[in-house]
Amino acid sequence: MKTTYKIAIAAFAGTTFMTLYSYWKSKKERQQYVEPVVLNKLVDKSENLPDIQNEALHPAGWVLHYLTGLGFMAAYWLLYRRLVKYPNARRIIIVGAISGVIGIAVWKTIFAQHKKPPYNNRYGYYRQLFIAHIIFTAFALTTYKIADKNTQ
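Within any chain, residue numbers begin from 1 and follow the written order of that chain's sequence. In view of the model being predicted, local features appear only for residues whose pLDDT reaches at least 70, and side-chain atom pairs are presented and counted only at 80 or more, with totals across whole chains, interfaces and linings using the full set of residues. Hydrogens are left out, water is left out, and the side-chain values use all remaining heavy atoms of the structure.

Colleague: Residue-level account of the packing of aromatic side chains, with values.
Modeller: Each pair of aromatic rings taken from Phe, Tyr and Trp, with Trp reduced to its six-membered ring, is defined by centres within 6.5 Å and is described as stacked if the planes are under 30 degrees apart, edge-to-face if over 60, and tilted in the remaining cases. This model, assessed by the stated rule, comprises 11 aromatic pairs. Residues Y33 and Y125 carry aromatic rings whose centres are separated by 5.8 Å and whose planes lie at 45 degrees to one another, so their mutual orientation is tilted. Note that Y33 is positioned in the loop between α1 (3–29) and α2 (35–44) and Y125 in helix α6 (residues 122–150), a separation of 92 residues in sequence. Whether a residue is buried, partly exposed or exposed follows from its accessible area with a 1.4 Å probe, protein chains only, as a fraction of its type maximum: under 20%, in between, or over 50%, in that order. For Y33, a relative accessible area of 0% translates into the label buried. Between F72 and Y76 the ring centres are 6.5 Å apart and the planes differ by 70 degrees, which places this aromatic pair in the edge-to-face class. With F72 and Y76 both in helix α3 (residues 59–79), this residue pair falls four residues apart, about one helical turn. Where helices and strands are cited, they refer to DSSP runs of H or I of at least four residues and of E of at least two residues respectively, numbered from the N terminus.

Colleague: A description of the environment of Y123 should follow, citing residues and the corresponding values.
Modeller: With respect to the helices and strands, the residue Y123 is situated in helix α6. Note on Y123: relative accessible area 62%, which makes it exposed. On a C-alpha basis, the gap between Y123 and A147 in space is 36 Å, while along the polypeptide they are 24 residues apart.

Colleague: Break down the packing of α1 against α3 for me, with residues and values.
Modeller: Where α1 meets α3, the axes come as close as 8 Å, and the angle between the chain directions of the two elements is 125 degrees. When the axes of α1 and α3 are compared, the pair comes out oblique. α3 is crossed by α1, and the crossing has right-handed handedness. Only W62, H65, Y66, G69, L70, M73, A74 and W77 of α3 make contact with α1, whose side of the interface consists of T3, I7, A8, A10, A11, F12, T15, T16, M18, T19 and Y23. Each axis is a line fitted through C-alpha atoms, taken for helices only over the stretch in contact, and angles between the N-to-C directions span 0 to 180 degrees. Angles below 35 degrees are treated as roughly parallel, those above 145 as roughly antiparallel, those between 65 and 115 as roughly perpendicular, and all remaining angles as oblique. Helix crossings get a hand from a simple test, with the near helix turned counterclockwise from the far one by less than a right angle marking a left-handed crossing and a clockwise turn marking a right-handed one. Residue contacts are counted whenever heavy atoms from the two residues lie within 4.5 Å of one another.

Colleague: Give me the lowdown on a nonpolar patch on the surface, citing residues and values where you can.
Modeller: To count toward a patch, a residue needs a relative accessible area over 30% and no salt bridge; like charges are then connected within 9 Å, while nonpolar side chains (Val, Leu, Ile, Met, Phe, Trp, Tyr) are connected within 5 Å. All accessibility values rest on the Shrake-Rupley procedure with a 1.4 Å probe; residue burial counts only the protein chains present in the view. Whenever a carboxyl oxygen of Asp or Glu lies within 4 Å of a side-chain nitrogen of Lys or Arg, that contact is scored as a salt bridge. On the surface, L78, L79, Y80, I94, I98, I102, V106 and I110 cluster together into a nonpolar patch covering about 710 Å² of accessible area. Elements represented by at least two residues in the nonpolar patch include exactly α3 and α5 (89–113). A per-element tally of the nonpolar patch places α5 first, with five residues. Considering the arrangement of structural elements, one finds I98 in helix α5. Residue I98 is classed as partly exposed on the basis of its relative accessible area, which comes to 41%.

Below, the structure is given as structure tokens:
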């Protein structure tokens with residue numbers, strides 16, 4: 001299996017489990033924390049972009065979210081090949097935490113730059129986003145390792 005496919009499969013797994021966590025946390029806290037839905041709300045409230053009728057299911061937010069996961073996994077592979085091939089709990093937590101800080105910084109910038117950002121409890125959103133990135137990292141790296149091991 002080519003490295004590109006392993007990266008894509010790992011990104012898909014990581015992003016899926018991250019999103020499941022976001023759904024669970026959204027329901028638990030009665031806030032909108034699901035990243036694709038928040039992305040769709042941003043698109044819908046933008047002046048130069050088309051209106052979105054169904055913010056939960058519209059593909060724009062989902063495509064952007066999964067492409068971002070692919071970007072994170074590709075960055076892991078480019079920057080930390082040893083991490084990708086030999087993940088352990090310590091490395092996953094450290095890289096997941098770094099990814100979480102990066103993710104929070106990006107979302108803070110997006111919300112600050114948008115004329116009409118959607119409402120949610122920002123502190124709660126950033127807290128769940130931090131944990132969600134650790135979950136992403138754990139599932140993405142574990143999936144990559146399994147795919148890599150099965151192709152040797």
